[in-house]
Amino acid sequence: YLHGFNSGGRSVKASQLRAMLAPLAVLAPTYPVHRVPDAPRFLRKFIRRLRRENPHDQKLLLIGSSLGVFWAQCLAPELGAGQVLINPALRPDEELLDAIGPQHNEATGENYILTADEVRALGAYRKARCDPAVPGLVLLDQADESLDYRVAEAFYHGCGKTLVYPGGSHRFEHLSEALAEIRGLYGTL
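Here's what I pulled together on the structure shown here. If you're wondering where the values come from, they're calculated on a predicted model, not measured in any experiment.

Counting its secondary structure elements, the protein chain contains seven helices and six strands. Each helix (α) and strand (β) of the protein chain, taken in turn from the N terminus, gives the series α-α-β-α-β-α-β-β-α-β-α-β-α. Against the 2.2 N^0.38 benchmark of 16 Å for 189 residues, the protein chain shows a C-alpha radius of gyration of 16 Å, consistent with a compact globule. C-alpha atoms of the protein chain, sized along the principal axes, occupy 40 × 40 × 30 Å. Excluding contacts between residues fewer than 6 apart, the proportion of contacts in the protein chain whose partners are at least 24 apart in sequence is 65%. For the protein chain, the distance from the average site of its 21 positive side-chain charges to the average site of its 21 negative ones is 8 Å.

Burial within strand S5 (residues 136-141) is extensive, with six of its six residues counted as buried. The two faces of S5 match: Gly136, Val138 and Leu140 on one face and Leu137, Leu139 and Asp141 on the other face are all buried. Strand direction decides the pairing type here: S5 and strand S6 (residues 161-165), joined by five bridges, are parallel. Across the sheet, the residue bridging to Leu139 is Leu163, located in S6.

Applying the stated criterion to the full structure yields nine salt bridges. The residue Asp117 makes a salt bridge to Arg120 at a minimum N-O spacing of 2.7 Å. Highlighted residues: Asp117 and Arg120, both in helix H5 (residues 116-121), separated by three residues, approximately one helical turn. When the shortest N-O distance is used, the salt bridge between Arg150 and Asp148 registers 3.0 Å. Residue class for Arg150 comes out exposed when judged on its relative accessible area of 51%. Within the structure, one salt-bridge network assembled from shared partners comprises Arg91, Asp93, Glu94 and Arg126.

Here we take up the packing of aromatic side chains. Applying the stated criterion across every chain, the model contains five aromatic pairs. Seen from their ring centres, Phe155 and Tyr156 are 4.9 Å apart, and the 85° between their planes marks the pair as edge-to-face. Across the pair, exposure class does not vary: Phe155 and Tyr156 are buried alike. For the pair Tyr165 and Phe172, a centre-to-centre distance of 5.7 Å together with 75° between the ring planes defines the contact as edge-to-face. The pair Tyr165 / Phe172 is uniform in exposure class, with both members buried. Every member of this aromatic cluster is reached through a ring pair, and the members are Phe70, Trp71 and Tyr125.

What the four strands build is an open sheet, ordered S1-S2-S5-S6; its pairing is parallel. Lying at the two open borders of the sheet, with one neighbouring strand each, are strand S1 (61-65) and S6. On average, adjacent strands in this sheet sit at an angle of 10° to one another, irrespective of strand direction. When strand S2 (residues 82-86) meets S5, the two strands line up parallel, connected through four bridges. In the strand pairing of S5, Leu85 is matched with Val138.

We now examine the state of the cysteines. One pass over the structure, following the stated rule, counts one disulfide. One disulfide in the model links Cys130 with Cys159; its S-S distance is 1.9 Å. Taking the sign of the S-S torsion, 75° for the link of Cys130 and Cys159, the bridge is right-handed. Within this pair, whereas Cys130 is found in the loop between H5 and S5, its partner Cys159 is found in the loop between helix H6 (149-155) and S6, the two being separated by 29 residues in sequence. Just as Cys130 is buried, Cys159 falls in that class too.

Criteria and thresholds
Residues numbered from 1 in each chain as written. Predicted model: local features only at pLDDT ≥ 70, side-chain atom pairs only at ≥ 80, totals over all residues. Heavy atoms only, no water. Helix = DSSP H or I, 4+ residues; strand = E, 2+ residues; numbered from the N terminus. Rg over C-alpha atoms; globule rule 2.2 N^0.38 Å. Contact = heavy atoms within 4.5 Å. Lys, Arg positive; Asp, Glu negative; His and termini not counted. Charge placed at Lys NZ, Arg CZ, Asp CG, Glu CD. Buried < 20%, exposed > 50% of the residue type's maximum accessible area, 1.4 Å probe, protein only. Pairing = 2+ DSSP bridges. Salt bridge = Lys/Arg side-chain N within 4 Å of Asp/Glu carboxyl O. Phe/Tyr/Trp six-rings, centres within 6.5 Å; stacked < 30°, edge-to-face > 60°. Axes fitted to C-alpha atoms, helices over the stretch in contact; angles between N-to-C directions. Disulfide = S-S within 2.5 Å.

Without other data, these values stay purely geometric and don't point to any function.
Here is the structure:
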């Protein structure tokens, strides 16, 4: 599970995924989600180590939420992974401009300064379109207060399956309803 901006591997969503997807192993590292090139470097190293430690279990499903989606869609093709994309941040190099300045990560307790350079650097990893060759599931809440679900719905048209749920929020309120679809995608890998 790849957490979003100002979150961590011990977030509520990470805990829910661990409980709901058991007995599947759900690993949720805390990583520097907003920092380029630290975030993708950390995640590649983490996944390489997992694959070395578990050579007989090479199935990989990246479940990203918000800014975690950004990294999931960058890494899934190169890692041969499927992807579940929850309320995706598609243009964080624009969407995070209003967040520049002091930040507090509630999940980790970390205080830090988000810089304009860090936000702009995300643009180098931005995708012009989705990759239809990567098995994917997109999960959207219509009432997401942070990101317009219609932008993601249009962006992912023709790439995997998209499910749009009425109401909800950026936290994504429909995880239990999407559980069968997530398990189904994992089963196809």
